[in-house]
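Structure at a glance
Listed below are the residues making up each chain.
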Amino acid sequence: SKDLLNLQHALSTIQPGEAYQYTYKSNHIIEILQTLLAKFKASKGELEQDEFNTNSAFEKRLLGLTNDRKFADKDRSEKQALSSKKQEEKAATEADRAQE
């Protein structure tokens, strides 16, 4: 918009038969592209770090839950084995009492 206004102003001041004087502005465009690239790389780095942190937290939580489940299953199986053993002992004790 600003460049367009400058161009319109420059064209309005040119007399018929005169050529518009072109000014080289590629350095400005290159500077803008370099700035955009730097911003993109910074933003990408931040997003990758956030993604890594989120994934790391998820993996830690998953590992914790997996370990909790594994220990709970082991504890449950130990309790079931103990319960079965006690029931067998109880049945044997009752059988001995019945024989007496």
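As a starting point, this report considers the structure included with it. Just so we're clear, the structure is a prediction, and the values are computed from it rather than from any experiment.

**Here we look at the pattern of salt bridges**
Evaluated as defined, the whole model comprises 4 salt bridges. Across the pair Glu48 and Lys44 runs a salt bridge, and its minimum N-O distance is 3.9 Å. Here Glu48 pairs with Lys44, and both are found in helix 2 (residues 26–99), just 4 residues apart, close to one helical turn. Given the relative accessible area of 45%, Glu48 is considered partly exposed. Note on Lys44: relative accessible area 41%, which makes it partly exposed.

**Here we look at a nonpolar patch on the surface**
A cluster of nonpolar residues, Ile29, Ile32, Leu33 and Leu36, forms a patch on the protein surface that exposes about 370 Å² of accessible area. Following the sequence through the fold, Leu33 ends up in helix 2.

Each value, and the rule that gives it
Residues numbered from 1 in each chain as written. Predicted model: local features only at pLDDT ≥ 70, side-chain atom pairs only at ≥ 80, totals over all residues. Heavy atoms only, no water. Salt bridge = Lys/Arg side-chain N within 4 Å of Asp/Glu carboxyl O. Helix = DSSP H or I, 4+ residues; strand = E, 2+ residues; numbered from the N terminus. Buried < 20%, exposed > 50% of the residue type's maximum accessible area, 1.4 Å probe, protein only. Patch = residues over 30% accessible without salt bridge, like charges linked within 9 Å, V, L, I, M, F, W, Y side chains within 5 Å. Areas by Shrake-Rupley, 256 points an atom, 1.4 Å probe, with all protein chains shown as cover.

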